[in-house]
Amino acid sequence: MAKQIVSCAAIYSMQSKVFFGSILPASPFRYEADKDQLVEIFGRILGGEAPSWSKLTLGQRNQVLDALATRWLPEHAAIDIPLLPKRLRDWRKGDAADGYERLDIPAGPLARQKRYVLMLWCLLGYEPKGLDVRVSKQFGVERFAWLADPVALATLAKDLWSRCRKAGIDPDPAEAGGTRHATAMAR
């Protein structure tokens, strides 16, 4: 089975599609005409001066996407804001190629619960493949995708949910902030 790598350039492209294809059309702004105002909004979101959209880091772009989606999209709108491992948050366009190995969840009776666990894991900024290590140590199963015990999945989800809450991250996919991320990386 070949490894599927999600490159930083692909994440950058996904973020741009969300910004220009979903969020900006729902806003009162047009990028070229209102660029200075938008950059000012980016700065307020990021807590300082900000460059143009293309010069933001992947992490900054996600912060802006999340804030603007909350501001300009209806609550029920679900968009795919890519989740990032912590080590990729500072990547900018033009930096050396990098990425992460995508962790696919096969269809099955526990697929939804597994996708939720993977979403929580990634919201915490961990590498997707690191979930295999955690599951191996905690439950004795070599790969997360092979974990078939609903009680073990519930235990893992509860721990990650708690870690998200402690970190100030919304772990509830039923709330607007959670649904915006749910499908980006957990396919």
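Nothing here was measured: the structure is a model prediction, and the numbers come from that model.

Peer 1: Even after reading the chapter, I still don't get the overall build of the protein, so can you show me in this structure?
Peer 2: Looking only at helices and strands, the protein features 7 helices and 2 strands. Ordered by position in the sequence, the α and β elements of the protein form the string β-α-α-α-β-α-α-α-α. Computed over C-alpha atoms, the radius of gyration of the protein comes to 17 Å, within 12% of the 16 Å expected from 2.2 N^0.38 for 187 residues, which places it in the range of a compact globule. Projected onto its principal axes, the C-alpha positions of the protein cover 55 × 35 × 30 Å. A burial count over the protein gives 43% of its 187 residues as buried. Within the protein, contacts between residues at least 6 apart in sequence are counted, and of these 65% link residues at least 24 apart.

Peer 1: Before we go on, may I ask you to explain helix H3 (residues 58-72) in this structure?
Peer 2: Here H3 is 15 residues long and its end C-alpha atoms lie 21 Å apart, about the 21 Å a rise of 1.5 Å per residue gives. Taken as a whole, H3 has its buried residues at Leu58, Gly59, Arg61, Asn62, Val64, Leu65, Leu68, Ala69 and Trp72. Looking at the packing, one finds that the buried side of H3 touches helix H1 (8-23) and helix H2 (35-46).

Peer 1: Explain the packing of aromatic side chains here, please?
Peer 2: Centre distance and the angle of the planes are the two values used to describe a pair of aromatic rings. Counted according to the given criterion, the structure contains 9 aromatic pairs. Relative to Trp91, the ring of Tyr12 has its centre 6.3 Å away and its plane inclined at 70 degrees; by these criteria the two rings are edge-to-face. With Tyr12 in helix H1 and Trp91 in the loop between H3 and strand E2 (99-101), this residue pair connects regions lying 79 residues apart in the sequence. Looking at Tyr12, the relative accessible area reads 12%, which means it is buried. Residue class for Trp91 comes out buried when judged on its relative accessible area of 10%. When the centroid spacing of 4.6 Å and the interplanar angle of 55 degrees are considered together, the rings of Trp121 and Tyr126 count as tilted. A connected cluster of aromatic rings, assembled from ring pairs, spans Phe19, Phe20, Tyr31, Phe42 and Trp53. Above the ring of Trp146, the side-chain terminus of Arg143 is found at 5.6 Å from the ring centroid.

Peer 1: Looking at this structure, I do not really get helix H4 (residues 111-123). What am I missing?
Peer 2: One turn of the α-helix equals 3.6 residues, which is why residues spaced by three or four share an orientation. In a regular helix each residue adds 1.5 Å, so 13 residues correspond to 18 Å; H4 covers 18 Å between its end C-alpha atoms and thus fits that length. Positioned one or two residues after H4, Gly125 has a phi angle of 90 degrees, which is positive.

Peer 1: Just to check I follow, could you spell out the packing of H2 against H3 for this structure?
Peer 2: Working note: a packed helix pair is described by the angle between its axes plus the distance between those axes. It is the contact of H2 with H3, at a shortest axis distance of 10 Å, that shows an interaxial angle of 105 degrees. For the element pair H2 / H3, the angle class is roughly perpendicular. Side by side, H2 and H3 meet where Leu38, Ile41, Phe42, Ile45 and Leu46 of the first sit next to Gln60, Gln63, Val64, Ala67, Leu68, Arg71 and Trp72 of the second. Class assignment for the residues of the contact of H2 with H3 results in 9 nonpolar, 2 polar and 1 charged.

Peer 1: Got a minute to help me understand the pattern of salt bridges in this structure?
Peer 2: A side chain of one charge can pair with a side chain of the opposite charge if their charged atoms are brought near each other. Tallied over the full model, the rule gives 8 salt bridges. The partner of Asp132 in a salt bridge is Arg143, and the shortest N-O contact between them spans 3.7 Å. Linking Asp132 in helix H5 (residues 130-139) with Arg143 in the loop between H5 and helix H6 (150-166), this pair joins segments that are 11 residues apart in sequence. The partner of Arg134 in a salt bridge is Asp159, and the shortest N-O contact between them spans 2.8 Å.

Peer 1: What should I look at first to understand the side chain of Asp132 in this one?
Peer 2: Residue class for Asp132 comes out buried when judged on its relative accessible area of 8%. Discounting residues that sit within four places of it in the chain, Asp132 has contacts with Leu103, Val141, Glu142, Arg143, Phe144 and Ala145.

Peer 1: Looking at this structure, I do not really get the confidence of the model for the protein. What am I missing?
Peer 2: Low-pLDDT stretches of the model should not have their predicted coordinates read in fine detail. This prediction gives the protein a mean pLDDT of 86; 90% of its residues lie at or above 70. Ranking the elements of the protein by mean pLDDT puts helix H7 (residues 176-179) last with 39 and H2 first with 96. Segment residues 174-187: pLDDT under 50, and 48 contacts once partners within four positions in sequence are set aside and those in other chains are kept.

Conventions used here
- Every chain begins its residue count from 1, and numbering advances along the sequence as written.
- Local features are withheld for residues below a pLDDT of 70 in this predicted model, meaning they are given only at 70 or higher, and side-chain atom pairs are given and counted only at 80 or more; totals for whole chains, interfaces and linings count all residues.
- Working from all heavy atoms in the structure, the side-chain values ignore hydrogens and water.
- Note on conventions: DSSP H or I runs of at least 4 residues are helices, E runs of at least 2 residues are strands, and numbering of each starts at the N terminus.
- It is over C-alpha atoms that the radius of gyration is taken, and the globule rule equals 2.2 Å times the number of residues to the power 0.38.
- Buried means the residue's accessible area, taken with a 1.4 Å probe over protein chains only, is under 20% of the maximum for its type, while exposed means over 50%, and partly exposed covers the values in between.
- Here, residues are in contact when the closest pair of their heavy atoms is within 4.5 Å.
- The span expected for a helix works out to 1.5 Å for each residue beyond the first.
- Only rings of Phe, Tyr and Trp enter the pairing, Trp through its six-membered ring, and a pair is recorded when the two centres are within 6.5 Å. The plane angle decides the type: under 30 degrees is stacked, over 60 is edge-to-face, the rest tilted.
- Definition used: whenever NZ (Lys) or CZ (Arg) falls within 6 Å of the ring centre and also within 35 degrees of the ring normal, the charge is taken to sit over that ring.
- Each axis is a line fitted through C-alpha atoms, and for a helix only the stretch in contact is used; angles between axes span 0 to 180 degrees, taken between their N-to-C directions.
- Here the word oblique covers every angle except those under 35 degrees (roughly parallel), over 145 (roughly antiparallel) and from 65 to 115 (roughly perpendicular).
- In this classification, Asp, Glu, Lys and Arg are treated as charged, Ala, Val, Leu, Ile, Met, Phe, Trp, Tyr, Cys and Pro as nonpolar, and every other residue, Gly included, as polar.
- One side-chain nitrogen of Lys or Arg within 4 Å of one carboxyl oxygen of Asp or Glu is enough to make a salt bridge.
- The predictor attaches a confidence to each residue, and that confidence, scored 0 to 100, is pLDDT.

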